[in-house]
Amino acid sequence: MAAKKAVLQLSVHDERIRKKAFVTVSRSKGVTSITMDDKTGKMTVVGEVDTPVLVMKLRKLCNAEIVSVEVVKPPEKKPEPAKPAPATPAPAKPAEIVAFPVTHMNYPYQYHSSYANSHYQPYGNSRVVVEEPNTCVLM
């Protein structure tokens, strides 16, 4: 679906309805930009939107009509000139190893021995596996 520029005519006489119209349009899927001219009451919506569905939603708030719908062409990209490669590559440096000391409670979900004495045990993603050949599982 190509991006479209839809111009809608709205009869908005109240600031509250204008805000609701903006919220309704902005919540629609695929909307890229919204502009509104308060003097003429025209709202311009750009994006991959279904314009008739958008007008149906806006008609619950105020009178809405489709003025025009145009396909938006993507901007043409100019080819960039090729950059010359550097003449000599820089000598590679050996990788540095940086070690951080592991201290008490360094990670937020790290198990600590003080949990064993507390009333609430931390719940882990562990399960008990019984390796018996004739087990029966009822679900």
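For the structure itself, consult the block above.
These numbers come from a predicted model, not from an experiment.

**Q** How would you summarise the overall build of the chain if you had to cite specific residues and measurements?
**A** Each helix and strand in the chain was counted, giving two helices and four strands. Secondary structure of the chain in N-to-C order comes out as β-α-β-β-α-β. By the burial criterion, 15% of the 139 residues in the chain qualify as buried. Once local pairs closer than 6 in sequence are excluded, the contacts in the chain between residues at least 24 apart make up 62%.

**Q** Explain the sheet that holds strand E3 (residues 42-47) to me, using residue names and the numbers behind them.
**A** Pairing is antiparallel in the open sheet, where four strands are placed in the order E2-E3-E1-E4. Each of the sheet's edge strands pairs with one partner strand only, and the pair in question is strand E2 (31-37) and strand E4 (64-71). The sheet shows a mean angle of 20° between the axes of neighbouring strands, taken without regard to direction. Bridge analysis of E2 against E3 gives six bridges, and the strand direction is antiparallel. Paired with threonine 35 across the strands is threonine 44, a residue of E3. Relative to E2, helix H1 (residues 15-26) is tilted by about 160°, and along the sheet it contacts strand E1 (4-10), E2 and E3.

**Q** Give a detailed account of the side chain of serine 28, specifying residues and quantitative values.
**A** Within the element layout of this structure, serine 28 appears in the loop between H1 and E2. Residues contacting serine 28, with those up to four places away along its chain left out, are Val49, Leu54 and Lys57.

**Q** So, the environment of glutamate 65: which residues are in play, and what are the values?
**A** Take glutamate 65: it is sitting in strand E4. Relative accessible area serves as the criterion here: at 52%, glutamate 65 is assigned to the exposed category. Separated by 58 residues in sequence, glutamate 65 and valine 7 place their C-alpha atoms 8.8 Å apart. With sequence-adjacent residues up to four places away left out, glutamate 65 is seen in contact with Val7, Leu8 and Gln9.

**Q** Let's hear about the environment of valine 45: which residues, and what values?
**A** Following the sequence through the fold, valine 45 ends up in strand E3. For valine 45, a relative accessible area of 0% corresponds to the buried category. For valine 45 and alanine 6, which are 39 residues apart along the polypeptide, the C-alpha to C-alpha distance reads 5.2 Å. Residues contacting valine 45, with those up to four places away along its chain left out, are Lys4, Lys5, Ala6, Leu8, Val25, Val31, Ser33 and Leu54.

**Q** So what's going on with H1? Which residues, and what values?
**A** Under the 1.5 Å per step criterion, the end-to-end length of H1 is 16 Å for 12 residues, consistent within 8% with the ideal 16 Å. Among the residues making up H1, those that are buried are Arg18, Ala21 and Val25. Seen from one end, H1 has its buried residues packed into an arc of 60°, which puts them on one side.

**Q** Lay out the pattern of salt bridges with the relevant residues and their values.
**A** Under the criterion given, the structure shown has three salt bridges. The salt bridge involving aspartate 14 is made with arginine 16; its shortest N-O contact spans 3.8 Å. Accessibility expressed as a relative area gives 35% for aspartate 14, which makes it partly exposed.

**Q** Residue-level account of the nonpolar core, with values.
**A** With 13 residues, the main nonpolar core has Leu8, Leu10, Val25, Met43, Val45 and Leu58 as its most contacted residues. Listed by contribution, the elements that provide at least two residues to this core are E1, H1, E3 and helix H2 (51-59). Per-element accounting of this core gives the leading share, three residues, to H2.

Conventions and cut-offs
Residues numbered from 1 in each chain as written. Predicted model: local features only at pLDDT ≥ 70, side-chain atom pairs only at ≥ 80, totals over all residues. Heavy atoms only, no water. Helix = DSSP H or I, 4+ residues; strand = E, 2+ residues; numbered from the N terminus. Buried < 20%, exposed > 50% of the residue type's maximum accessible area, 1.4 Å probe, protein only. Contact = heavy atoms within 4.5 Å. Pairing = 2+ DSSP bridges. Axes fitted to C-alpha atoms, helices over the stretch in contact; angles between N-to-C directions. Expected span 1.5 Å × (residues − 1). Arc of directions from axis to C-beta. Salt bridge = Lys/Arg side-chain N within 4 Å of Asp/Glu carboxyl O. Core = buried A, V, L, I, M, F, W, Y, C linked by side-chain atoms within 4.5 Å.

Keep in mind these values describe shape, not function.
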